Amino acid sequence: MIKMGAGGRMSEPNSPSPVQRVPHTKPPFTVGELKKAIPPHCFHRSVLRSFSYVVYDLSLVFLFYYITTYFSLLPSNLTVLAWPIYWTLQGCTLTGVWVIAHECGHHAFSDYQWLDDAVGFVLHSSLLVPYFSWKISHRRHHSNTGSLDRDEVFVPKPKSKLSCFSKYLNNPLGRVLTLTVTLTLGWPMYLAFNVSGRPYDRFACHYNPYGPIYSARERLQIYISDAGIFTAGYVLYRLVLAKGMAWVVCVYGIPLLIVNAFLVLITYLQHTHPTLPHYDSSEWDWLRGALATVDRDYGVLNKVFHNITDTHVAHHLFSTMPHYNAMEATRAIKPILGEYYQFDDTPFYKAMWREARECLYVEPDEGSSEKGVFWYKNKF
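Every residue gets a number counted from 1 within its own chain, in the order that chain's sequence is written. Under the rules for a predicted model, residues below a pLDDT of 70 receive no local features and side-chain atom pairs below 80 are neither given nor counted, while totals for whole chains, interfaces and linings still include all residues. Each side-chain value is derived from all of the structure's non-hydrogen atoms; neither hydrogens nor water enter the calculation.

How should I be thinking about the overall build of the chain in this particular structure?
Tallying secondary structure elements over the chain gives 13 helices and five strands in all. We compute the radius of gyration over the C-alpha atoms and compare it with the globule rule, which gives 2.2 Å times the number of residues raised to the power 0.38. Here the C-alpha atoms of the chain give a radius of gyration of 21 Å, agreeing with the 21 Å that 2.2 N^0.38 yields for 380 residues. Overall, the C-alpha framework of the chain stretches about 65 × 50 × 45 Å when taken along its three principal axes. Any two residues whose heavy atoms approach within 4.5 Å are treated as being in contact. Within the chain, contacts between residues at least 6 apart in sequence are counted, and of these 70% link residues at least 24 apart. Where accessible areas are quoted, they stem from the Shrake-Rupley method and a 1.4 Å probe; at the residue level, only the protein chains shown are allowed to cover. A total accessible area of about 18,100 Å² is found for the chain, and carbon and sulfur atoms account for 65% of it. Numbering of helices and strands runs from the N terminus; a helix is a DSSP stretch of H or I covering at least four residues, while a strand is a stretch of E covering at least two.

Help me out: how do you make sense of the side chain of Thr346 in this one?
Examined against the element boundaries, Thr346 turns out to sit in the loop between β3 (343-344) and α13 (348-358). In the analysis that follows, any N or O atom pair within 3.5 Å is treated as a polar contact, provided that within protein one partner can donate a hydrogen and the other can accept it, and provided that, for residues neighboring in sequence, both atoms belong to side chains. A polar contact of 2.6 Å, which involves the side chain of Thr346, links it to the side chain of Asp344. Within the local environment of Thr346, its side chain forms a polar contact with the side chain of Arg354, the two groups lying 3.2 Å apart.

Quick question: what am I supposed to make of a nonpolar patch on the surface here?
Here a patch means residues that are over 30% exposed by relative accessible area and free of salt bridges, tied together within 9 Å if like-charged and within 5 Å if nonpolar (Val, Leu, Ile, Met, Phe, Trp, Tyr). For this document, the term salt bridge refers to a Lys or Arg side-chain nitrogen within 4 Å of an Asp or Glu carboxyl oxygen. A cluster of nonpolar side chains, namely Leu177, Val181, Leu185, Met189, Phe193, Val195 and Phe203, defines an oily patch on the protein surface of about 630 Å² accessible area. Residue placement: Leu177 occurs in helix α6 (residues 172-193).

Teacher, can you tell me more about the environment of Asp151 here?
Note on placement: Asp151 falls in the loop between α5 (131-143) and α6. Note on Asp151: relative accessible area 5%, which makes it buried. The spacing of Asp151 and Ser137 is 14 residues in sequence and 9.4 Å in space, taken between C-alpha atoms. Dropping the residues within four chain positions of it, Asp151 is found in contact with His141, Asn144, Thr145, Gly146 and Arg198. Here the side chain of Asp151 touches His141 through a polar contact of 2.8 Å, side chain to side chain. Burial classification: accessible surface area is computed with a 1.4 Å probe over protein chains only, and a residue below 20% of its type maximum counts as buried, one above 50% as exposed, and the rest as partly exposed.

In this structure, what is going on with the nonpolar core? I would like to understand it.
Note that soluble globular proteins tend to have their nonpolar side chains buried in a common cluster. Residues enter a nonpolar core if they are buried and are Ala, Val, Leu, Ile, Met, Phe, Trp, Tyr or Cys, with the set joined through side-chain atoms within 4.5 Å. In this structure, Trp98, Trp187 and Phe305 are the most contacted members of the largest nonpolar core, which totals 46 residues. When residues of this core are traced back to their parent elements, those giving at least two are α2 (47-68), α3 (76-105), α4 (113-126), α5, α6, α8 (245-271) and α13. Here the element with the most residues in this core is α8; it accounts for twelve residues. Ignoring any residue separated from it by four or fewer positions in sequence, one finds Phe305 in contact with Cys92, Thr95, Gly96, Val99, Phe262, Ile266 and Tyr298. Listed in part, the 18 residues of the second largest apolar core include Phe29, Val313, Phe318 and Ile333.

Whenever I open this one, the packing of aromatic side chains confuses me. Can you help?
Within a pair of aromatic rings, the relevant descriptors are the distance that separates the centres and the angle that separates the planes. Working definition: rings of Phe, Tyr and Trp (its six-membered ring) pair if their centres are within 6.5 Å, and the pair is stacked with planes under 30 degrees apart, edge-to-face with planes over 60 apart, and tilted otherwise. A full pass over the atoms with the stated rule returns 25 aromatic pairs. Centre to centre, the rings of Tyr210 and Tyr223 are 6.4 Å apart; their planes meet at 80°, and the pair counts as edge-to-face. Remark: Tyr223 occurs in helix α7 (residues 219-243) and Tyr210 occurs in the loop between α6 and α7; sequence separation between them is 13 residues. With a relative accessible area of 44%, Tyr210 lands in the partly exposed category. Look at Tyr234 and Tyr237: their rings are 6.2 Å apart centre to centre, the planes differ by 40°, and that puts the pair in the tilted class.

Would you explain the environment of Val129 in this entry?
In this fold, Val129 is placed in the loop between α4 and α5. Taking the C-alpha atoms as reference points, Val129 and Leu263, separated by 134 residues in sequence, lie 12 Å from one another.

Help me understand the packing of α7 against α8, please; the structure alone is not making it clear to me.
For any two helices packed against each other, the geometry comes down to the angle between their axes and how far apart the axes lie. Axes here mean lines fitted to C-alpha atoms, for a helix over just the part in contact, with angles spanning 0 to 180 degrees between N-to-C directions. Here α7 crosses α8 at 125°, and the two axes come no closer than 7 Å. It follows from the interaxial angle that α7 and α8 lie oblique. Residue-level inspection shows Leu236, Leu239, Val240 and Lys243 of α7 in contact with α8, the latter providing Met245, Trp247, Val248 and Tyr252. Taken together, the residues of the contact of α7 with α8 break down into seven nonpolar, no polar and one charged. Any angle that is under 35 degrees is reported as roughly parallel, and any over 145 degrees as roughly antiparallel; angles of 65 to 115 degrees are reported as roughly perpendicular and all others as oblique. All amino acids are sorted into three groups, where Ala, Val, Leu, Ile, Met, Phe, Trp, Tyr, Cys and Pro are nonpolar, Asp, Glu, Lys and Arg are charged, and the leftover types, Gly among them, are polar.

Everything listed here is a matter of coordinates, which is why it stays silent on function.
Here's what the structure looks like:
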């Protein structure tokens, strides 16, 4: 049985029984009531504590790199084993660094916006993320979560707007191909070409200060973000000249691919689940949209990823709350949320496959009077 949290239980993958969906009607509670249930200290942002996670993560990053300097002393058969272990450990740790930079973008790192932006800019640029560019579009995602008309990323399509070849990918081989492309190319394709993002009336790109994603007053920040990417790229170019392409790929490139894959996977699974609704403009409101998310269990990686995985519902409700208080806040609001809270403890690799099979497009239920409420479906 696939276990769910307060939101109910799913059936076995091959069972004809329908899933128990999250309620889509107006909740019997308000954001203010949820906030009152959370201990006030959970909203306190400590500079020292926030920096302690930066120092811890970066210490591990440099430790793992330092260990690689001894790989040349290993027998060749052990070297073949050592590098994949390094890539996995480094990729997971750098994903934690990515999450801290993401927290800076939400002003959840400290009480000082300039400090949050400085830390976030350095950390994200080092991972080839345009900090301010993504901060702006991600803020709009939080403002419009669950809206089919205004959400910014992983916006599901209705059946009528699927590509003509989609039904031919609805099989095991097609899912393997789709997931492989999504996890390897999904993040750079989103940044560069707005793939899986909200449709705009003209070409949208996170690197273009004059693109439709940004307003005139935001252009300077986009230039600064681009400068950060250019600087990081130049450092990598100098490293290639000094150390060689193979060294840069092994030490930095492959761990970065793992970071990008986890980033896409985490975001995909947070917003994609057979029990979650999406809304068009006739039904959407901010609270119901924020609740159209699901907490997941990544095992030990929950801590490595600073609990962005298993406290995502609370994060969408109170995005300026630091991650180290989000678990306590989640426990405080779960009794109030009741069936509106969703948790799925399916191992993430199984959930990835299941959602890729079951969540292909969204449509209102046939015969339903609620034409503005859309649910995931997979029948062609």
